[in-house]
Each structure stands twice: as structure tokens, then as C-alpha cells.
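Below are the chains, spelled out letter by letter.
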Amino acid sequence: MKEYRVCEAPTHHPDCNGVGSTKDHFTSKAIARARKWSHKKLNDPENIQYLSPSCHQEKDKNNAQIAQQVRFQVNGGTIRFGEAIT
Ligand SMILES: [Zn+2]
């Protein structure tokens with residue numbers, strides 16, 4: 001029997017079918033690198049979520065921007081309240 005997972009996205013893409021058929025790192029690899037996370041922390045079950053293809057694609061679109069923001073913060077930059085991308 002195939003394991004059925006529910007899409008874990010906090011907000012769903014209009015095309016989401018509700019099935020978490022793709023595996024996603026909650027904190028992406030790029031962001032984890034910027035934060036100097038260990039490989040173990042990146043792949044911790046806590047950091048893994050299952051998303052539908054539509055929701056996964058949507059999340060990936062924001063990831064590049066978030067990674068840029070994290071690198072900026074790690075380098076000592078400050079982001080004012082309201083400017084943060086979450
Ligand atoms: Zn979804």
C-alpha cells in the first residue's frame with residue numbers, strides 16, 4: 001500500500017491537489033548553507049515536509065529571494081519589520 005501524505009504547505013496553490021507527493025526541505029539547501037547548517041540538521045525529519053507539485057513549485061519561487069535575505073542578515077544586515085519575506 002502506498003503511503004498517503006497530505007500536502008503540508010501553510011497556504012495552498014490553487015492547483016494543489018492536497019497530496020504531498022514531493023519531498024521538500026522546509027528550510028532550503030541554499031538557506032541552510034547561508035546559515036551554516038550541518039548536513040544532519042538540513043535532513044532532520046523536522047526539516048522535511050511533503051508538498052503537492054503545485055505548492056512545491058510555488059515555494060521554490062520564493063526560496064531564491066529568502067536565501068538572499070538570509071545571506072544579507074548573516075553578513076550583519078538588518079531587515080526592518082515588515083520587510084521580511086517569510
Ligand atoms: Zn498544497
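Residues numbered from 1 in each chain as written. Predicted model: local features only at pLDDT ≥ 70, side-chain atom pairs only at ≥ 80, totals over all residues.

## Focus on the overall build of the chain
Okay, so step 1: From N to C terminus, the chain includes three helices and two strands.
Okay, so step 2: Listing each helix as α and each strand as β along the chain from the N terminus yields β-α-α-β-α.
Okay, so step 3: Within the chain, the fraction of its 86 residues that count as buried is 17%.
Okay, so step 4: A separation of at least 24 residues holds for 65% of the contacts in the chain among residues at least 6 apart in sequence. (Helix = DSSP H or I, 4+ residues; strand = E, 2+ residues; numbered from the N terminus. Buried ≥ 20, exposed ≤ 12 C-beta atoms within 10 Å, placed from the backbone. Contact = placed C-beta atoms within 7 Å.)

## Describing helix 3 (residues 53-74)
One turn of the α-helix equals 3.6 residues, which is why residues spaced by three or four share an orientation.
Okay, so step 1: Its 22 residues give helix 3 an end-to-end C-alpha distance of 31 Å, which sits within 8% of 32 Å, the value for a rise of 1.5 Å per residue.
Okay, so step 2: Bending of helix 3 peaks at approximately 30° at the position of Asn63.
Okay, so step 3: Cys55, His56, Lys59 and Val70 are the residues of helix 3 that are buried.
Okay, so step 4: Among the structural elements, strand 1 (22-25), helix 1 (29-34) and strand 2 (48-51) are those in contact with the buried residues of helix 3.
Okay, so step 5: At the exit of helix 3 stands Gly76, carrying a positive phi of roughly 95°. (Expected span 1.5 Å × (residues − 1). Bend = angle between axes of the 7 residues up to and from the residue.)

## As for the pairing of strand 2
On a regular strand, each side chain points to the face opposite its neighbour's, so the side chains alternate between the two faces of the sheet.
Okay, so step 1: Burial of strand 2 is one-sided: the residues Gln49 and Leu51 facing one way are buried, the residues Ile48 and Tyr50 facing the other way are not.
Okay, so step 2: In terms of strand pairing, strand 1 meets strand 2 through four bridges, oriented antiparallel. Directly across from Asp24, in strand 2, lies its bridge partner Gln49. (Pairing = 2+ DSSP bridges.)

## Brief notes about unusual backbone geometry
Okay, so step 1: The phi torsion at Lys36 lies on the positive side, around 60°, for a residue other than glycine.
Okay, so step 2: Structurally, Lys36 can be placed in the loop between helix 1 and helix 2 (39-42).

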